Amino acid sequence: MSGTILVTGGAGFIGSNFVLRQRSCKNRIVNLDLLTYAGNLLNLQELNGDPDHVFVQGDIGDRALVRKLLEDYQPVAVVNFAAESHVDRSIESPESFIQTNIVGTFHLLEEALAYWKRLPAERGDRFRFLHVSTDEVYGSLGPADPAFTENTPYRPNSPYSASKAGSDHLVRAYYHTFGLPTIITNCSNNYGPRQFPEKLTPLMLLNALEGKPLPVYGDGLNIRDWLYVDDHCEALSLVWERGNPGETYNIGGCCEKANIEIVETICALLDEMAPESGYAPHGSLITYVKDRPGHDRRYAVDCSRIERELGWRAKESFESGLGKTIRWYIDNREWVESVKSGSYRDWMVRQYTGR
Ligand code: NAD
Ligand code: DAU
């Protein structure tokens, strides 16, 4: 499929990887991003001078701006990545999560609906509103529970996951009530290049390279399912092209790992890939710290629907994906330095000092 896509949050981690992929497929991108602490134009550096990547700094909750972008660029789809995305920040300060993830998504839906209603029938039939969401809306699993399916009831436990659940419900309602052709995806933990280093993987690998403690929450046995970001972006492209309006698709890597296993694997890879750091064996930096309040114990994703209906499956193995990720952070020192601004340092002090 080709055409113009309005991508929101396309300067963040997953959004920028998606934008780069779509440009390589020749789709024109209008990229609306507020550039919060998590948004970074360096993520899109290789598109500098590309006339088919239009970057607009702004808020998904700015109705007049969204309306103008839809009218001016006539997209065939809206892909909504824009969100506050970090669980620990939602515990410290939930308000912006409600504002962007729920209220912002509501405003975006309202404008998308008004635009869609004005489209001629044939273009209206092809239009899609793809909402990128998370497996965290399903809550926490016990050790023997089956993986989340698309029919698992929502039981969000953090302000972040509750705000994402709220946005998912709105998106679903706009399909059922107004017929807006929406699709929701619920994906597991992504890792890969361009992830802001407040999240587990980049935080651990960058701390290790600098000889800083590696702060593992609780007993380190909480389990997440891990997916390389390019695999997620490929799944999103397929869902946009071939998914059914009104449906939800779970996306995951079939790769459940305990946090401590992730951290130990990062350390072992760094011992091989960066022996010159001076901190090998990097595993000696592991430090257990006070747990995250309300910390979900286990997530696991059943991806059989997207496999069966759209023929998608994760391609990257965990070891090769993690190796590529570490290589990217080692090779992109300019990016790393740019994100370690004063506000990042402040966050690290607030979140980890004396924990
Ligand atoms: P991120 O925090 O790296 O990026 C979010 C982007 O949204 C940033 O560029 C930020 O500037 C922008 N943004 C924030 N508020 C905005 C607003 N009001 N208007 C416009 N732009 C705004 O997040 P990410 O990890 O790339 O996640 C992207 C989406 O995917 C989120 O919706 C998240 O819930 C979902 N998701 C993430 C993961 C993951 O593991 N990272 C997994 C599943 C789903
Ligand atoms: O499951 C999908 C979700 O994955 C996305 O919706 C979120 O946007 C994304 O941030 C991620 O949420 P998590 O809370 O799972 O990711 P995070 O990287 O913050 O933490 C992963 C696990 O590692 C979690 O069990 C908490 C633990 N952890 C995290 C940090 C930052 C630590 O032990 N130490 C840390 O310093």
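This text gives an overview of the structure that appears in the document. What you are looking at is a predicted structure, and each value in this text was computed from that prediction instead of being measured.

## Remarks on empty space enclosed by the protein
Turning to step 1, where the next piece is worked out: Scanning the entire structure with this criterion turns up two cavities of 30 Å³ or more.
Turning to step 2, where the next piece is worked out: For the second largest cavity, the calculated volume is near 70 Å³.
Turning to step 3, where the next piece is worked out: Lining the second largest cavity, in full, are Val87, Glu136, Asn157, Ser158, Ser161, Arg224, Arg292, Pro293, Gly294, His295, Asp296 and Tyr299.
Turning to step 4, where the next piece is worked out: When the residues that make up the lining of the second largest cavity are grouped by side-chain class, the tally is three nonpolar, five polar and four charged.

## Quick look at the site of ligand 1
Turning to step 1, where the next piece is worked out: Close contacts around ligand 1 come from 28 residues, with Ile14, Asp33, Ser85, Tyr160 and Lys164 the closest.
Turning to step 2, where the next piece is worked out: Aspartate 59 places a polar side-chain atom, nitrogen or oxygen, 3.0 Å from a nitrogen atom of ligand 1.
Turning to step 3, where the next piece is worked out: Within the backbone of phenylalanine 81, a nitrogen or oxygen atom sits 3.1 Å from an oxygen atom of ligand 1.
Turning to step 4, where the next piece is worked out: Of all elements in the fold, only helix H1 (13–24), strand S5 (128–134), helix H6 (159–178) and strand S7 (189–191) reach the threshold of two or more residues within the shell around ligand 1.
Turning to step 5, where the next piece is worked out: Here the element with the most residues in the shell around ligand 1 is S5; it accounts for three residues.

## Digging into the sheet that holds S7
Turning to step 1, where the next piece is worked out: The strand order S7-S9-S11 describes an open sheet built from three strands, whose pairing is mixed. The sheet is open, and its two edges are formed by S7 and strand S11 (256–258), each paired on a single side. Direction aside, the axes of adjacent strands within the sheet are offset by 50° on average.
Turning to step 2, where the next piece is worked out: Two strands pair when backbone bridges link them, and strand S9 (residues 223–228) and S11 are joined in this way by three bridges, in the antiparallel orientation. Each residue of the ladder has a partner; that of arginine 224, found in S11, is lysine 257.
Turning to step 3, where the next piece is worked out: Against the sheet, helix H8 (residues 229–242) touches S7 and S9, its axis set at about 75° to S9.

## Description of the side chain of glutamine 351
Turning to step 1, where the next piece is worked out: With respect to the helices and strands, the residue glutamine 351 is situated in helix H13 (residues 342–352).
Turning to step 2, where the next piece is worked out: Among the residues examined, glutamine 351 registers a relative accessible area of 13% and is labelled buried.
Turning to step 3, where the next piece is worked out: Of note is the side chain of glutamine 351, whose polar atom sits 3.2 Å from the side chain of tyrosine 217.
Turning to step 4, where the next piece is worked out: Contacts of glutamine 351, omitting those with residues within four sequence positions, involve Asp88 and Tyr217.

## Describing the pattern of salt bridges
Turning to step 1, where the next piece is worked out: Applying the stated criterion across every chain yields a total of 27 salt bridges.
Turning to step 2, where the next piece is worked out: Between glutamate 234 and arginine 21 there is a salt bridge, and its shortest N-O distance comes to 3.9 Å. Of the two residues, glutamate 234 sits in helix H8 while arginine 21 sits in helix H1, which places them 213 residues apart along the sequence.
Turning to step 3, where the next piece is worked out: For arginine 21, a relative accessible area of 26% puts it in the partly exposed group.
Turning to step 4, where the next piece is worked out: The residue arginine 67 makes a salt bridge to glutamate 111 at a minimum N-O spacing of 3.0 Å. In this pair, arginine 67 is assigned in helix H2 (residues 63–73) and glutamate 111 in helix H4 (residues 95–118), connecting sequence segments 44 residues apart.
Turning to step 5, where the next piece is worked out: For arginine 67, a relative accessible area of 39% puts it in the partly exposed group.
Turning to step 6, where the next piece is worked out: Linked through salt bridges whose partners overlap, the residues forming this network are Arg63, Arg67, Glu110 and Glu111.

So, how was this worked out
Residues numbered from 1 in each chain as written. Chains lettered and ligands numbered in written order. Predicted model: local features only at pLDDT ≥ 70, side-chain atom pairs only at ≥ 80, totals over all residues. Heavy atoms only, no water. 1 Å grid on protein atoms, 1.4 Å probe; cavity = no way out; pocket = protein on both sides within 12 Å on 5 of 7 lines; lining within 4 Å. Points joined across faces, edges and corners; volume = space filled by probe spheres on them. Nonpolar A, V, L, I, M, F, W, Y, C, P; charged D, E, K, R; others polar. Near = heavy atom within 4 Å. Polar contact = N/O pair within 3.5 Å; in protein donor to acceptor, adjacent residues only side chain to side chain. Helix = DSSP H or I, 4+ residues; strand = E, 2+ residues; numbered from the N terminus. Pairing = 2+ DSSP bridges. Axes fitted to C-alpha atoms, helices over the stretch in contact; angles between N-to-C directions. Contact = heavy atoms within 4.5 Å. Buried < 20%, exposed > 50% of the residue type's maximum accessible area, 1.4 Å probe, protein only. Salt bridge = Lys/Arg side-chain N within 4 Å of Asp/Glu carboxyl O.

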